[in-house]
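Chain residues, written in single-letter form:
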Amino acid sequence: MTEKPGSEWPLWEVFVRSKHGLSHKHVGSVHAADARMAIEAARDVYTRRMEGVSLWVVPSAQITASDPGEAAALFEPAEDKVYRHPTFYSIPDHIKHI
């Protein structure tokens, strides 16, 4: 398949869950023609040392991010809602991952 000059495959954001982790972490991005190719490229680039147990790939064009310039208006209203955080409770030592 020949590509038109100047055209490139879409960009995919890559998230990896490590063997010892509970959540996926953003590790970088890859260019790929489709989701299957993006998974394979992400595996080759970001899990060469067998550190991952799960991969997510998301088309970069599908991600919507907040504007850093609007951070105060977006996040400051939560500051007066301390009851939303478990800082008033003692968590027993045998409870993990909180």
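Refer to the structure presented above.
What you are looking at is a predicted structure, and each value in this text was computed from that prediction instead of being measured.

**Student:** Is there a simple way to explain the packing of aromatic side chains in this structure?
**Tutor:** In this description, a pair of aromatic rings is defined by centroid distance and the angle of the planes. With the rule as written, the count across this model stands at one aromatic pair. Measuring from centroid to centroid gives 6.5 Å for F15 and W56, while their planes differ by 55°, and the two rings are tilted. Taken as a pair, F15 in strand β1 (residues 11–18) and W56 in strand β3 (residues 52–59) lie far apart in primary sequence, 41 residues in all.

**Student:** Which parts of the structure should I look at to understand the nonpolar core?
**Tutor:** Taken as a class, soluble globular proteins show a tendency for nonpolar side chains to be buried jointly. With eight residues, the main nonpolar core is built from W12, V14, V16, V30, A32, A38, A42 and V57. Going through the elements one at a time, β1 and α1 (35–46) are the ones with two or more residues in this core. If you tally residues by element for this core, the top one is β1, at three residues. Filtering out sequence-adjacent residues up to four positions away, A42 remains in contact with V14, V30, T47, L55 and V57.

**Student:** Is there a simple way to think about the pattern of salt bridges in this case?
**Tutor:** Any two side chains of opposite charge can pair, given that their charged atoms come close. Evaluation of the coordinates by the stated rule reveals two salt bridges. Across the pair E40 and R36 runs a salt bridge, and its minimum N-O distance is 3.6 Å. Here E40 pairs with R36, and both are found in helix α1, just four residues apart, close to one helical turn. The exposure class assigned to R36 is exposed, which follows from its relative accessible area of 53%. As a salt-bridge pair, D44 and R43 come within 3.0 Å of each other at their nearest N and O atoms. D44 sits in the partly exposed class, given a relative accessible area of 44%. You can call R43 partly exposed: its relative accessible area is 43%.

**Student:** It is not clear to me how the side chain of H24 should be interpreted in this structure. Could you clarify?
**Tutor:** With respect to the helices and strands, the residue H24 is situated in the loop between β1 and β2 (25–31). On the basis of relative accessible area, H24 is assigned to the buried category, the value being 18%. Here S54 takes part through its side chain, which lies 2.8 Å from a polar atom of the side chain of H24. Separated by 3.3 Å, the side chains of H24 and W56 make a polar contact. When sequence neighbours within four positions are dropped, the list of residues in contact with H24 reads F15, V16, R17, S54, L55 and W56.

Rules used throughout
- Residues numbered from 1 in each chain as written.
- Predicted model: local features only at pLDDT ≥ 70, side-chain atom pairs only at ≥ 80, totals over all residues.
- Heavy atoms only, no water.
- Phe/Tyr/Trp six-rings, centres within 6.5 Å; stacked < 30°, edge-to-face > 60°.
- Helix = DSSP H or I, 4+ residues; strand = E, 2+ residues; numbered from the N terminus.
- Core = buried A, V, L, I, M, F, W, Y, C linked by side-chain atoms within 4.5 Å.
- Buried < 20%, exposed > 50% of the residue type's maximum accessible area, 1.4 Å probe, protein only.
- Contact = heavy atoms within 4.5 Å.
- Salt bridge = Lys/Arg side-chain N within 4 Å of Asp/Glu carboxyl O.
- Polar contact = N/O pair within 3.5 Å; in protein donor to acceptor, adjacent residues only side chain to side chain.

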